[in-house]
Amino acid sequence: MEPLDEIDTTILRILQKDSKKTAKEIANKLNITASPVYERIRRLEKQGFIKKYVAILDKKLIDRSVTTICQVSMRYHNEAFIENFEEQIQNLEEVQECYHMAGEVDFILKINTKGLEDYHNFVKYKLSKIENIGVLNSTFVLKDIKQTSEFYI
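Conventions adopted
- Residues numbered from 1 in each chain as written.
- Predicted model: local features only at pLDDT ≥ 70, side-chain atom pairs only at ≥ 80, totals over all residues.
- Heavy atoms only, no water.
- Salt bridge = Lys/Arg side-chain N within 4 Å of Asp/Glu carboxyl O.
- Helix = DSSP H or I, 4+ residues; strand = E, 2+ residues; numbered from the N terminus.
- Buried < 20%, exposed > 50% of the residue type's maximum accessible area, 1.4 Å probe, protein only.
- Pairing = 2+ DSSP bridges.
- Axes fitted to C-alpha atoms, helices over the stretch in contact; angles between N-to-C directions.
- Phe/Tyr/Trp six-rings, centres within 6.5 Å; stacked < 30°, edge-to-face > 60°.
- Core = buried A, V, L, I, M, F, W, Y, C linked by side-chain atoms within 4.5 Å.
- Contact = heavy atoms within 4.5 Å.
- Arc of directions from axis to C-beta.

Going by what an unreviewed UniProt entry lists, the protein chain is known as Lrp/AsnC family transcriptional regulator and is assigned to Formosa undariae.

Counted under the stated rule, the structure contains 9 salt bridges. With a shortest N-O distance of 2.9 Å, Arg-40 and Asp-5 are connected by a salt bridge. Of the two residues, Arg-40 is situated in helix α3 (residues 34–46) and Asp-5 in the segment before α1 (6–17); the sequence distance between them amounts to 35 residues. Note on Asp-5: relative accessible area 33%, which makes it partly exposed.

Strand order in this open sheet of 4 strands is β2-β3-β1-β4, and the pairing throughout is antiparallel. Two strands bound the open sheet, and with one partner strand each, they are β2 (95–100) and β4 (133–140). Across this sheet, the average inter-strand angle for adjacent strands is 20°, counted without regard to direction. As judged from the 5 bridges shared by β2 and strand β3 (residues 107–113), these two strands associate in the antiparallel manner. The residue of β3 that forms the bridge with Cys-98 is Leu-109.

Counted according to the given criterion, the structure contains 4 aromatic pairs. Both rings, one in Tyr-119 and one in Phe-140, keep their centres 5.5 Å apart while their planes meet at 90°; by these two values the pair is edge-to-face. Note that Tyr-119 is positioned in helix α5 (residues 116–125) and Phe-140 in strand β4, a separation of 21 residues in sequence. Of the residues examined, Tyr-119 reaches a relative accessible area of 5% and is grouped as buried. On the basis of relative accessible area, Phe-140 is assigned to the partly exposed category, the value being 40%.

Moving on, we get to the nonpolar core. Core analysis: the biggest nonpolar cluster contains 17 residues, and Val-72, Phe-85, Ile-89, Leu-109, Phe-122 and Leu-127 have the highest contact counts within it. For this core, the secondary structure elements donating two or more residues are β1 (66–74), α4 (79–90), β3 and α5. Excluding residues within four positions of it along the chain, Phe-122 makes contact with Leu-92, Glu-94, Val-95, Ile-111 and Leu-127. Of all hydrophobic cores here, the second largest spans 12 residues; its members include Ile-11, Ile-14, Ala-23 and Leu-30.

The set of residues buried in helix α2 (residues 23–30) consists of Ala-23, Ile-26, Ala-27 and Leu-30. Down the axis of α2, the buried side of the element spans an arc of 100°, and every buried residue falls inside it. Exposed residues on α2 whose side chains face more than 90 degrees from its buried face are Lys-24, Asn-28 and Lys-29. Packing partners of the buried residues in α2 comprise α1 and α3. Backbone geometry just downstream of α2 places Asn-31 in the positive-phi region, at approximately 60°.

One non-glycine residue, Asn-31, adopts positive backbone phi at about 60°. Non-glycine residue Asn-132 carries a positive phi angle of around 85°. With respect to the helices and strands, Asn-132 occurs in the loop between α5 and β4. A relative accessible area of 4% means that Asn-132 is categorised as buried.

Below, the structure written as structure tokens:
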């Protein structure tokens, strides 16, 4: 795999801010022709630097305005229970992010729902059905201060 040069990094920065930018628009910013930019983007995709292109939605407009951070502690910590949790969590559409942690809790989940009642139902009818969960600790976001999908490169 080729190391990233300054042009590659600049392309990645631009695409992180706006993935709809065309090769021509990026080329204009870099003062080069569109063809090498297009080739570089394809190479960055092939090498896995660019995983996918997405649209970031406004959670209020889609009626998912309650964000909950849920800390999950498991009763037992063997491989089968951890793998089962990781598999089961993939099927829960309310879970936007899931991280396996080191420290006092085992997993941290980011969950977006319409409201507290929906979150309650999610915990009661879905999350609590996953085997081996010992403790759930939920905290609710009062205000989004910073949200980004961009990596500093």
